[in-house]
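The primary structure of each chain is shown beneath.
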Amino acid sequence: MAPSRFPGQERFTGVGLGLRRPHLEAVAARENHGVPFWETCPENVIGDGGRPHRDACAILDRDPVLTHGLAISVGGFDPWDGDYLRDLGRFLVRTGTPWHSEHLCFTSVDGSCLHELLPIPFTREAVRHTVARARDLQARLPVPLLLENITYYAELGAAEMDEAAFITEVLEGADVGWLLDVNNVYVNALNFGFDPKAWLARMPLERVAQLHIAGHKRFGTLTVDTHGADVIDPVIELMQWTLARLGRPVPVLLERDNHIPDLEDLLAERSRLQAAYEDILAVPVRGGGHG
Amino acid sequence: MAEARTLVLQRALASLVLDPEGETFEDDPTAFALSRGLPDADAQSFRQFSEGLAAYRELARLSLLDPIETMFPITKTLLVREDAWEACVDAFLQARCVASRHYRDIAPAFLGWLAETGWGQATRPYLLELAHVELLEVLVARFPEAEPPPGLHPDPGLQDRLVLDPATQVVSYRHAVHRTSEAAPVPEARPTHLLAYRDGEGRPQLMDLTPAAAALLVRAQTESLGEAAAALGLADLAATTGLLKDLRERGAIAGFQAAS
């Protein structure tokens, strides 16, 4: 799979920001924010109304935007909501996003949405099921689908493979792109005791179209992907290591969903990450792909 | 079903998160898994990863309850005082009423559950109204964008009917729930009529209405202003049309059109 399968991706490089409700009014009023692109969650925009919605739409119609879904439940069993998929398709076309990402997880069971990214069993049966669901979802979307590796805190049931094999089999079986969240890799490495670079070296990096980066927090013996703190240096270093390995300026998205700081503080953190991004891409590339 | 094991595992995790038995899951993770129809190998995995699985109960419940605690602070204060809040949210989560993928729909789902089940209302007849008024401005503020019908005119005539802005709501309560606070969460038993609407900036506004004004705003949507005013005994038609004109300028009324 060549990276060029994503027409329009050349518009997206550098470090972007997740568009969040507390900042909508300020961002809408300000064109010179310096953010090369935003990422928005369609579930938070589609069907909404009022002043914040108007601000969000003004930004989405003005600035480059990537889209990132939260709760479509790719690994679940509930049938797709046809009305939502129709609205989602229109939204993706309106934003001009070159791809749409969803999490490699399940969020709904028997019609009940848990609003949490829950882990899919690492089994052959679950791979078959998720591949079929991802292929079906891709067929219903107007842009290429990416799946994102999640943070997980437990294996769900007796595993027949490890996480790396599970993700690889799903991405390749469904023939979709990868939104690689380097913070999630780092957090999983802490919780399950593995080397994140060795883990990444096993993965199909040629499928990566975008990176995510965020902060996390330790609670007792468990590290949680909170999106509620600044990104720590080891995660920035892992982002740089990954970019060097990829040898391509894929866009990086800074996520912040809790303890959301003032816009100026968030812009400053984005600038810090942008500098790290540019530093590593200034170094001659070493090539990407497997291993 | 071909993917039966995966579905049973997902149902078991959902049960761990949403059902009361999940509270004591870590006491015997294996027994919990077996009770959910899982085979021995998966039950052993539940024991091996019990800490992480228990974290999902905490994380998912935090995610589901955060909008409820944010949107219903006075309702929560009232029930916490009576040591009933935990029982309330436990019952809500166990009922599995959150079907929407939109996070903003969690709080309305809680309100719908209160209305459907009557939970807690035998001893607190104002509970549903209190929760409703706490969410009212949010519902109005976020009402999906919609165009009013074409051909409306700005000034009311006695042969016209009124058309509310799509986001506007006229509500009547048996209690003065809009006057409560976290310090005084129990409302006075007093009929209350409110108009909730979005102003020109798209921001929610709340206005007290007299019983007559509330009745007029309801009736005059389906019959002419003259008929509605006469039925309600409103003799001062100039004052009535003045009120309606003011509400159109504020954004509560979209406009007027001839009553058919």
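Think of each chain on its own: its residues are numbered from 1, step by step along the sequence as written. A letter from A marks each chain and a number from 1 marks each ligand, given out in the order of writing. It should be noted that, the model being predicted, local features are given only for residues of pLDDT at least 70 and side-chain atom pairs only at 80 or more, the latter also being counted only at that level, while totals for whole chains, interfaces and linings use all residues.

### Observations regarding the sheet that holds strand β1 (residues 15–18) of chain A
All names here are of chain A. Pairing in this closed barrel of eight strands is parallel, and the strands run β1-β2-β3-β4-β7-β8-β9-β12 around the ring. With direction set aside, neighbouring strand axes in the sheet form an average angle of 30°. Pairing between strands requires that DSSP locate at least two bridges from one strand to the other. Counting from the N terminus, the helices are the DSSP runs of H or I reaching at least four residues and the strands are the DSSP runs of E reaching at least two. With three bridges connecting them, strand β2 (residues 38–40) and strand β3 (residues 65–68) associate as parallel partners. Considered in β3, the bridge of Glu39 is made with Leu66. Along the sheet, helix α7 (residues 182–192) contacts β8 (177–181) and β9 (208–213); its crossing angle with β8, the most-contacted strand, is approximately 60°. Each axis is a line fitted through C-alpha atoms, and for a helix only the stretch in contact is used; angles between axes span 0 to 180 degrees, taken between their N-to-C directions. Placing C-beta atoms from the backbone, we regard two residues as in contact once those atoms come within 7 Å.

### Points about the nonpolar core
Core analysis: the biggest nonpolar cluster contains 150 residues, and Leu147, Ile213 and Met239 of chain A have the highest contact counts within it. In terms of residue count, the dominant contributor to this core is helix α8 (residues 127–141) of chain B (nine residues). The residues touching Met239 of chain A, leaving out its near neighbours within four places in the chain, are Val182, Leu211, Ile213, Val252 and Ala276 of chain A. For this analysis, nonpolar core means a set of buried Ala, Val, Leu, Ile, Met, Phe, Trp, Tyr and Cys residues linked through C-beta atoms within 7 Å. Three exposure classes are used, based on other C-beta atoms lying within 10 Å of a residue's own C-beta, which is placed from the backbone: buried for 20 or more, exposed for 12 or fewer, and partly exposed in between.

### Some words on the packing of helix α9 (residues 211–219) of chain B against helix α10 (residues 225–232) of chain B
All names here are of chain B. Two elements in contact, α9 and α10, have axes whose closest approach is 9 Å; the angle formed by their N-to-C orientations is 145°. The two elements α9 and α10 meet at a crossing, and its hand is right-handed. Along its contact with α9, which presents Ala212, Ala215, Leu216 and Arg219, the element α10 presents Ala228, Ala229, Ala231 and Leu232. Polar here means any residue other than Ala, Val, Leu, Ile, Met, Phe, Trp, Tyr, Cys and Pro, which are nonpolar, and Asp, Glu, Lys and Arg, which are charged; Gly is therefore polar. Grouping the constituent residues of the contact of α9 with α10 by class yields seven nonpolar, no polar and one charged. Handedness of each helix crossing follows the sense of rotation of the near helix against the far helix: counterclockwise by less than a right angle gives left-handed, clockwise gives right-handed.

### With respect to the sheet that holds strand β3 (residues 192–198) of chain B
Residue and element names in this part refer to chain B. Read from one edge to the other, the open sheet built from three strands follows the order β2-β3-β4, with strand pairing classed as antiparallel. Either end of the sheet is taken by a strand with one partner, and the two such strands are β2 (169–173) and β4 (204–208). Ignoring strand direction, the axes of neighbouring strands in this sheet form an average angle of 25°. Relative to β4, β3 runs antiparallel, the two sharing five bridges. Within β4, the position partnered with Ala196 by the bridge is Leu206. Contacting β2, β3 and β4, α8 runs over the sheet at an angle of about 20° to β3. Strands β2 and β3 of the sheet are contacted by α9, whose axis makes an angle of about 135° with β2.

### Remarks on the interface of chain B and chain A
Taken together, the contact pairs 43 residues of chain B with 37 residues of chain A. Among the elements of the structure, α1 (4–18), α3 (40–48) and α4 (50–71) of chain B are those that each provide at least two residues to the side of chain B that touches chain A. When the residues that make up the side of chain B that touches chain A are grouped by side-chain class, the tally is 21 nonpolar, nine polar and 13 charged.

These figures come from the coordinates and say nothing about function on their own.
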